[in-house]
Amino acid sequence: MTNDTLDRWIQRATLAAMIALAAALVTVGARLYGPRAAVPPAGVVDGPRAP
């Protein structure tokens, strides 16, 4: 039947969307709570300037 085929496509599209959403949430979580690079002290951009 046509409805069975349509239902399968809807299930596949829904599953793909849920997997994509889960991957996006994991990525955002890793960026927010993952290790961070060392922050240089305030006022220091490239190190001391030579005269």
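Conventions used here
- Residues numbered from 1 in each chain as written.
- Predicted model: local features only at pLDDT ≥ 70, side-chain atom pairs only at ≥ 80, totals over all residues.
- Heavy atoms only, no water.
- Helix = DSSP H or I, 4+ residues; strand = E, 2+ residues; numbered from the N terminus.
- Buried < 20%, exposed > 50% of the residue type's maximum accessible area, 1.4 Å probe, protein only.
- Areas by Shrake-Rupley, 256 points an atom, 1.4 Å probe, with all protein chains shown as cover.
- Phe/Tyr/Trp six-rings, centres within 6.5 Å; stacked < 30°, edge-to-face > 60°.
- Lys NZ or Arg CZ within 6 Å of the ring centre and 35° of its normal.
- Patch = residues over 30% accessible without salt bridge, like charges linked within 9 Å, V, L, I, M, F, W, Y side chains within 5 Å.
- Salt bridge = Lys/Arg side-chain N within 4 Å of Asp/Glu carboxyl O.

Enquirer: Honestly, the overall build of the protein chain in this entry has me stumped. Any pointers?
Expert: Helix and strand counts for the protein chain come out as 1 helix and 0 strands. Looking at the protein chain as a whole, 0% of its 51 residues qualify as buried. With an accessible surface of roughly 5200 Å², the protein chain has 66% of that area assigned to carbon and sulfur atoms.

Enquirer: Hey, could you run me through the packing of aromatic side chains in this one?
Expert: Two numbers describe a pair of aromatic rings. These are the distance of the centres and the angle of the planes. Tallied over the full model, the rule gives 0 aromatic pairs. The aromatic ring of W9 is capped on one face by R12, whose charged end is 5.4 Å from the ring centroid.

Enquirer: Looking at this structure, I do not really get a nonpolar patch on the surface. What am I missing?
Expert: Side chains of V28, L32 and Y33 sit close together on the surface and give an oily, nonpolar patch of about 370 Å² of accessible area. In this fold, L32 is placed in helix α1 (residues 2-33).

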